[in-house]
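The residues making up each chain are set out below.
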Amino acid sequence: MLFLHEVHTVAGRYEDEFEAAVRNGWMPDVADRDDARLCYYLKLAHGTGRAYQVVTVTALRDGAAYERLARRVQDGDLRAWAADVDRFRHEVAGKLLLPLDWSPVQTVDLGSVPIGAEHDPVLYMEDSAWPYEARLDAYLEAARTHYAPSLEQQTARSLLTLLGVFQAALGAARRREVVLWQRVDFPERLPGLFTMELPAHVKGPGTWMHDALQVRDDWESRLLRTAPWSPLF
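Bear in mind that the values here come from a model prediction, so they are computed numbers and not experimental data.

Peer 1: What is the right way to read the sheet that holds strand 7 (residues 178–184) from this model?
Peer 2: Strand pairs in the sheet, formed through backbone hydrogen bonds, run parallel or antiparallel to each other. Pairing in this closed barrel of eight strands is antiparallel, and the strands run 1-3-2-8-5-7-6-4 around the ring. Shown here is a sheet whose adjacent strand axes are inclined to one another by a mean of 35 degrees, direction ignored. Two strands pair when backbone bridges link them, and strand 1 (residues 2–10) and strand 4 (residues 89–99) are joined in this way by eight bridges, in the antiparallel orientation. Its bridge partner lying in strand 4, Val7 is registered against Ala93. Taken strand by strand, helix 1 (residues 15–30) contacts strand 1, strand 2 (36–44), strand 3 (53–60) and strand 4, and its axis lies near 165 degrees from that of strand 2. Most of the contacts of helix 2 (residues 63–75) go to strand 3, to which it runs at about 125 degrees, and overall it touches strand 1, strand 3 and strand 4.

Next comes the structure, spelled out in structure tokens:
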């Protein structure tokens, strides 16, 4: 299974129109076929990054499903939709992601993905990491044996549940890119992350914050909030 991850930089005055276009166009139109589904529609929380950024994640059964969807957008029934929605955004950057073999999420049951379902918003933290040159495999092994187990240890500082680990597919702009998909289980603990320095015992030798510097020191976190109608949450 492939996941089409797109970051849309929306024109602020057309924020509602863009959302409606995805909700009433992309989501049901993609679901016309049985090989793809919109899974997530998420907004970057204001105050945490670039304004009016939206992330969509569309699951694709396989490479053939991606080609069919791409051709629908290029010269098929979704061409007009794509041209119309471009009026509401400044740009869009996309990439295909593949789940690692140890990722908690491997596949999505496309038939069970709802075409919109009202629910309370859910907060996610999306970490994108770029390992050092020639250290991609070392980073992935360290994430599997060190980072993932560390999240399973429930403490007073616990914040996240790891739901998925993905690698940018062949042809991506940055080959050494790993995406960690994590649900924020304790949003009330976020202020402590922003307002205080990390204590020494969580960034000393033996901790992920310390040991991961052997394989990377470049990563970016996004706080993303699902729309109330996002199919998955």
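Peer 1: Mind showing me how you'd approach the pairing of strand 4 here?
Peer 2: Within a regular strand, side chains alternate between the sheet's two faces. With three bridges joining them, strand 4 and strand 6 (residues 160–168) adopt antiparallel strand pairing. When the sheet's bridge partners are listed, Leu98 is paired in strand 6 with Gln167.

Peer 1: Mind showing me how you'd approach unusual backbone geometry here?
Peer 2: Backbone geometry follows two general trends: most residues other than glycine have a negative phi, and most peptide bonds adopt the trans configuration. Positive phi is not limited to glycine here, since Tyr52 has a value of about 55 degrees. Tracing the backbone shows Tyr52 in the loop between strand 2 and strand 3. Exposure remark for Tyr52: the relative accessible area of 32% places this residue in the partly exposed category. The backbone of Ala134 sits at a positive phi, close to 60 degrees, despite the residue not being glycine. Along the polypeptide, Ala134 turns up in the loop between strand 5 (123–129) and helix 4 (136–152). For Ala134, a relative accessible area of 80% gives the class exposed.

Each value, and the rule that gives it
Here the residue index of a chain counts from 1 through its sequence in written order. The predicted nature of this model means local features are confined to residues of pLDDT at least 70 and side-chain atom pairs, given and counted, to a pLDDT of 80 or more, with totals for whole chains, interfaces and linings taken over all residues. Each side-chain value is worked out from all heavy atoms of the structure, with water and hydrogens disregarded. Pairing between strands is defined by DSSP: at least two bridges between the two strands are required. Under the DSSP-based scheme used, a helix requires at least four consecutive residues in state H or I and a strand at least two consecutive residues in state E, with every element numbered from the N terminus. The convention used is that axes are lines fitted to C-alpha atoms, helices contributing only their stretch in contact, and that angles between N-to-C directions extend from 0 to 180 degrees. Contact criterion: two residues are considered in contact whenever any of their non-hydrogen atoms come within 4.5 Å of each other. Between buried and exposed lies partly exposed: a residue is buried under 20% and exposed over 50% of the maximum accessible area for its type, with that area taken using a 1.4 Å probe on protein chains only.

Fair warning: the whole summary comes from geometry, so function is off the table for now.
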